[in-house]
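# Structural description and commentary
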Amino acid sequence: MADTTARQSVEGKTDTIDDAELALKGINMLLNNGFKESDELFRTYRNHSPLMSFGASFVSFLNAMMTFEEEKMQVAFEDLKATEKLCESDNTGVIETIKNKIKRSTDSQRSGVTVVDRLQRQIIIADCQVYLAVLSFIKQELSAYIKGGWILRKAWKMYNKCYSDISQLQEGSKRKPSDQPGSPSPSPSLSSTSDQSDHSNATPPGPTPSQRADGISPEALDRLKGSVSFGYGLFHLCISMVPPHLLKIVNLLGFPGDRLQGLSALTYASESKDMKAPLATLALLWYHTVVQPFFALDGTDTQAGLLEAKGILQRREAVYPNSSLFTFFKGRVQRLEIQSALTSFNNALELATDQREIQHVCLYEIGWCSMIELSFGDAYRAFERLKTESRWSQCYYAYLTGVCQGATGDLEGAAVVFKDVQRLFKRKNNQIELFSMKRAEKLRKPSPSKELCILGLIEVLYLWKALPNCSIAKLQTMTQILQGVDDASHAGLKNLLLGAIHQCLHNTKDAIQHFQLAARDEPGRLSNSYVQPYSCYELGCVLLDCPESAEKGRIILLQAKEDYAGYDFENRLHVRIYSALASTRATAPP
C-alpha cells in the first residue's frame, strides 16, 4: 500500500515535469561529481518518459565503461534494451500521424508534440544502439565485431535521417506562412521506428502541413537538433580517424567520415539545451586534448586544439566549478606546463573521492606527467597503484611499473614485475598488451639494466606522442642517457628516439641523420619491428617541412606505408601517415 502511495505521488509530480530540463539537470549533476545523486534522479523518473529512461540507461552504461566489470556491463545491456523497447513499443505517434493525415486536424500544437516525440524516440533508439555496439566491441571477438558493426549501421541510418528531418523542419519554421502558397515544399518523412530498424529504404508518406514546423516551437527544434547532433557528430569524427586500409570496409557499411562536419555538429550539440550538451562538450575536449595530438592530426603542431580546449573550459568553468572530469581536462591542456598539469590532476584526484574510475584516469595522467619530468619514483607509485586497483589492462600497467621501477635503480623489483607482465598478459589481440609482454620479456633477459629501463620509458613517451611535452632540459638529459646505451640489439630504437628528441629540440640536421640510421637498422628489425617504418615516417615528415625536399619526403612516407607490414602499432602509424599526406595535398598549389 505504501509503495502504491509513493508511486502515485511520483506520478502526480511528473505530470508537470519538463523531462528535457530534468534530464539536463541529471547529467550536470553527474558531471559535478554527483554520480549517485544523478543515478537516483534518473531511476526515480525512469518510467516518466523515454528521455528519462535513456538518462538512467546512460548512467548505467557510463558506470560499466568506467569499471569494465562483467556484471555492470550486463546491467547496462539490459537497461539499454529496455529503453530501446520502450521507444519502439509505443506506436501512439504512428496512429496520431494517420489520424491527422485523414482529418487534417487543426490542432497543430498536438501534432507538433507528436512529431517531437517521434523524433526524440528515434534519436534515443539510435543512441542506445551505439552504446550496445560499444558493449559488443568490448568482447573483442570476431562475431561481436560483426554484430557491433551491423548495429552501428542501423544507428547511423537513423541519425542521418533524423538530422535531415530536423534540419528541414528548422528551415520550414523560418519561412512565414505567406511565403508558402500552394502546395507545400517537400518535408522530412517521419517514418516509424520499426521501419528504421529494418533498414528499409522505403519511407512512408511525409507529414501533412499540420505536422510541419507550425506546431513545433523553435526551442523544441533546437533541442532536438542538439540531441541528434551529438551522435551524428561523433560518427563523423570517429570514422574520419579510421586507418585508410580499413576505410573500404567502413564505406561498405555506409559510414561517412567528415572531421570538420563532425566537429561542427558536436559544437552545435554542446551549445544546445539538450541533456547531451555537456557530453558533447566532453567529446570536444577529448578530441582536442587527447585524439588530435596523439594521432598528429595537425602534423607536429602539439599546440593544435589546445587553445580551443582552453576556451571551452573557460566558458564552462562557472557551470562545472568542481567537476573532477573538467579539472582532468584542464590538466590535459596544461601538459606543456607539467607542474600546473600535476596540480590539476591531483586536485581532480581529490575531487573524485567517491569515483574510483575517475581516480584511475587521474593516476594515469599523474604517472605520465611524472615520466615526462623523469620523476621515476612518482611515476612508479602511480602505475603500481593502477596495476593493483584497475581492472583494465593490468599487463600494460605492470610494464609501465617495471620500467619506472627499473629506472629508479631497483632492478630486482623490476625483474619481478616484468615477470608478472607475462602472467597478466590475457588479451592476445590487444596491441598494447602484446607490445608490453614482448618488451618486458626482452628487458628481463638476461637481467634488467637501469639504462635499458630508461630507454624503455623514453620509448613509451615517443610512441604516445609525449616527447614534445618534455622541457628542453629533460630532453637533453634523455639524449645523454641514450648516448650511453651500447646494446647492439637496441641500436635502431636508440637512433629513432634520438632523432625524435633532436626534432623536438629543432636540431633538424641531427634528427635526419639519426632517422636515416634507424631506417637502415636491419639487424634490429626482428626485436623492434616498428622501428624502420616509424623512422621512415619521421624522416618523411621532416623532409616535408622544407619545400626543396617535400617531394622526397612524400615518397618516403609512401614507402613507410607500403613497404612494411605486420609491425607493432601499424594502424596507429597509418593514421599518422594519412594525415601527413593529406596535409601536403591541402597545401599544394592548385
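Residues numbered from 1 in each chain as written. Predicted model: local features only at pLDDT ≥ 70, side-chain atom pairs only at ≥ 80, totals over all residues. Heavy atoms only, no water.

## Quick word on the environment of L325
Along the chain, L325 turns up in helix α15 (residues 324-333). Through-space distance from the C-alpha of L325 to that of L351 is 9.3 Å; in sequence the pair is 26 residues apart. Apart from residues lying up to four places away in sequence, L325 is in contact with L31, L282 and I358. (Helix = DSSP H or I, 4+ residues; strand = E, 2+ residues; numbered from the N terminus. Contact = heavy atoms within 4.5 Å.)

## Things to note about the packing of helix α20 (residues 411-424) against helix α21 (residues 431-444)
Relative to each other, α20 and α21 sit at 145°, their axes nearing to 9 Å. In this structure, the crossing between α20 and α21 has a hand that is left-handed. Counting all contacts with α20, which are made through A415, F418, K419, V421, Q422 and L424, the residues of α21 involved are E433, S436, M437, A440, E441, L443 and R444. (Axes fitted to C-alpha atoms, helices over the stretch in contact; angles between N-to-C directions. Left-handed = near helix turned anticlockwise from the far one by under 90°.)

## Focus: the packing of aromatic side chains
Under the definition given, this model contains 25 aromatic pairs. Consider the rings of Y364 and Y397, whose centres lie 6.1 Å apart with planes at 65°: the pair is edge-to-face. Remark: Y397 occurs in helix α19 (residues 394-407) and Y364 occurs in helix α17 (residues 356-372); sequence separation between them is 33 residues. Note on accessibility: Y364 and Y397 belong to one class, buried. When the centroid spacing of 6.1 Å and the interplanar angle of 80° are considered together, the rings of Y399 and F435 count as edge-to-face. Within this pair, whereas Y399 is found in helix α19, its partner F435 is found in helix α21, the two being separated by 36 residues in sequence. The pair Y399 / F435 is uniform in exposure class, with both members buried. Counting every residue linked through ring pairs, the aromatic cluster contains Y364, W368, F383, Y396, Y397, Y399, F418, F435, W464 and F569. Note that R572 overlies the ring of W464, its terminal NZ or CZ placed 4.6 Å from the centroid. (Phe/Tyr/Trp six-rings, centres within 6.5 Å; stacked < 30°, edge-to-face > 60°. Buried < 20%, exposed > 50% of the residue type's maximum accessible area, 1.4 Å probe, protein only. Lys NZ or Arg CZ within 6 Å of the ring centre and 35° of its normal.)

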